[in-house]
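Okay, here's what each chain looks like letter by letter:
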Amino acid sequence: MKRLYVIYDGQCHFCRRCRVWLDRQPAYVPLTFIPLQWPEVSCRFPGIERLQPDKEIVVISDTGDVWQGGAAWVMCLWALREYREWSQRLANPVLLPFARRACALVSEHRQQFSRWLEEESADRLRERLAALPVEACANDRYCEPH
Amino acid sequence: MNYVVTTYAFYLLISVALTVWVARTLHKSGRLFLVDAFHGNEPLADSINHLLVVGFYLINIGYVTLALKYGDKAANVQELLEVLSTKIGAVLLILGGMHFFNLYVFNKMRKRALLHGAPPPLPPQAHLSVVGQI
């Protein structure tokens, strides 16, 4: 296995945050992130609609093996250097049902999480903008962005 | 030479000899673990092994010399043996603790190395064909 394709909901702020986090981690197996809304998704992965990728995250290997939901998260962790041990722990039959349930719960409420995160980031942006010094414009010329 | 000095002499001799024996055992048997942990890179394994043994000597001989004057002072042969036994017992326990700590470090390194080639922890749930390179 040389690569894992992660099919995620590109319209969900929370999912995009997760993608950024995953992308920053050093990996044994490189991860390629593909938003679900990419027009070529169904041509590149024929039959993916059957898996209902809008419901839960899907991970596909370059050889075509598919994992979804909690298992997909476990596979993402497996690809990462610092979290491979965790993936083996979570894949344990005792812990796996909890991982699946947690993942299902997060997937179901991802819009809600996104709203919280968006509100928070909008507030933060507002604060940062308010903290910027405002340059006074000369009367005889217009302000040019730097 | 009085009893106290005799205790110290035996204590140093036995403790250092024990430290050398444990360090040699670690050095000899730990090498295989390390070679495996570093994917057969023998020079690197030997170097780490040597550094670990040096640390082992420093900590143990440091403890032995620091603890030399502590404990009861022997006034006859019976007390000499008792004091010596207590002091050597403490050294043995410290050596045992260090030995297990070293084993833990070796094992941690080896496990980490094995992770690199570990297969996926879960079997795939379905199969799709992937068209082209993305």
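We now turn to the structure provided with this report. For every chain, the first residue of the written sequence is number 1, and numbering continues from 1 onward in sequence order. The naming scheme follows written order: chains are lettered A onward, ligands numbered 1 onward. The predicted nature of this model means local features are confined to residues of pLDDT at least 70 and side-chain atom pairs, given and counted, to a pLDDT of 80 or more, with totals for whole chains, interfaces and linings taken over all residues.

1. Here's the deal with the overall build of chain A
Starting at the N terminus, helices and strands are each numbered in turn, a helix being any DSSP run of H or I of at least four residues and a strand any DSSP run of E of at least two. From N to C terminus, chain A includes 6 helices and 4 strands. Looking at the 146 residues of chain A, the share that counts as buried comes to 28%. Look at the contacts in chain A between residues 6 or more apart in sequence, and 66% of them connect residues 24 or more apart. In this scheme the burial state of a residue depends on its C-beta neighbours within 10 Å: 20 or more other such atoms mean buried, 12 or fewer mean exposed, and anything in between means partly exposed; the C-beta positions come from the backbone. Two residues form a contact once the distance between their C-beta atoms, set from the backbone, is within 7 Å.

2. As for the environment of Val16(B)
All names here are of chain B. Summarising the element assignment, Val16 is placed in helix α1 (residues 3-37). Judged by C-beta crowding, with 16 C-beta atoms within 10 Å, Val16 ranks as partly exposed. For the pair Val16 and Ile61, spaced 45 residues apart in the sequence, the C-alpha separation amounts to 6.8 Å. Contacts of Val16, omitting those with residues within four sequence positions, involve Ile61 and Val64.

3. A few points about the interface of chain B and chain A
Listed as interface residues are 16 residues of chain B and, on the opposing side, 27 residues of chain A. Listing elements by their share of the side of chain B that touches chain A, those giving two or more residues are α3 (77-116) and β1 (126-127) of chain B. Per-class residue counts for the side of chain B that touches chain A are 11 nonpolar, 5 polar and no charged. By this definition, two strands are paired if DSSP reports at least two bridges between them. Where strand β4 (residues 65-68) of chain A and β1(B) come together, 2 bridges link them in antiparallel fashion. Considered in β1(B), the bridge of Val66(A) is made with Ala126(B). Under the scheme applied here, ten amino acids are nonpolar (Ala, Val, Leu, Ile, Met, Phe, Trp, Tyr, Cys and Pro), four are charged (Asp, Glu, Lys and Arg), and all others, including Gly, are polar.

4. Focus on the nonpolar core
Counting residues in each nonpolar core, the largest one holds 30 residues, and the members touching the most others are Val6(A), Val59(A), Ala72(A), Val74(A) and Met75(A). Those elements giving two or more residues to this core turn out to be β1 (4-8), α1 (13-24), β3 (58-61), β4 and α3 (70-79) of chain A. Ranked by the residues each element gives to this core, the list is headed by α3(A), at 9 residues. Aside from chain neighbours lying at most four places away, what touches Val6(A) is Leu31(A), Thr32(A), Phe33(A), Ile34(A), Ile57(A), Val59(A) and Cys76(A). Take the buried Ala, Val, Leu, Ile, Met, Phe, Trp, Tyr and Cys residues, join any whose C-beta atoms are within 7 Å, and the set you get is a nonpolar core. Listed in part, the 6 residues of the second largest apolar core include Val22(B), Ala23(B), Phe56(B) and Val64(B).

5. Examining the packing of α1(B) against helix α2 (residues 42-66) of chain B
All names here are of chain B. Interaxial distance between α1 and α2 falls to 9 Å at its minimum, and their mutual angle equals 160°. One element, α1, and the other, α2, form an angle in the roughly antiparallel class. Classified by chirality, the crossing of α2 by α1 is right-handed. Between α1 and α2, the residues in contact are Leu12, Ser15, Val16, Thr19, Ala23, Leu26, His27, Gly30, Arg31, Leu34 and Val35 and Glu42, Ala45, Ile48, Asn49, Val53, Phe56, Tyr57, Asn60, Ile61 and Val64, respectively. When the residues that make up the contact of α1 with α2 are grouped by side-chain class, the tally is 13 nonpolar, 6 polar and 2 charged. In this analysis, axes come from line fits to C-alpha atoms, helices being fitted only over the stretch in contact, and the angle between any two N-to-C directions falls in the range 0 to 180 degrees. Geometric relationships in this document are graded by angle, where less than 35 degrees denotes roughly parallel, more than 145 denotes roughly antiparallel, 65 to 115 denotes roughly perpendicular, and other angles denote oblique. For a crossing to be left-handed, the near helix must be turned anticlockwise from the far one by less than a right angle; the clockwise case is right-handed.

6. Some words on the packing of α1(A) against helix α6 (residues 110-131) of chain A
Residues and elements named next belong to chain A. Following both chains from N to C, one finds α1 and α6 inclined at 80°, their axes separated by 7 Å at the closest point. Here α1 lies roughly perpendicular to α6, going by the angle between them. On the side of α1, the interface is formed by His13, Phe14, Cys15 and Arg17, while α6 contributes Arg110, Phe113, Ser114, Leu117 and Glu118. Grouping the amino acids of the contact of α1 with α6 by side-chain chemistry returns 4 nonpolar, 2 polar and 3 charged.

7. A short note on α6(A)
With 22 residues, α6(A) extends 31 Å from end C-alpha to end C-alpha; this agrees with the ideal 32 Å at 1.5 Å per step. Within α6(A), only 1 of the 22 residues are buried, leaving the element largely exposed. Residue count minus one, scaled by 1.5 Å, sets the expected span of a helix.

Everything listed here is a matter of coordinates, which is why it stays silent on function.
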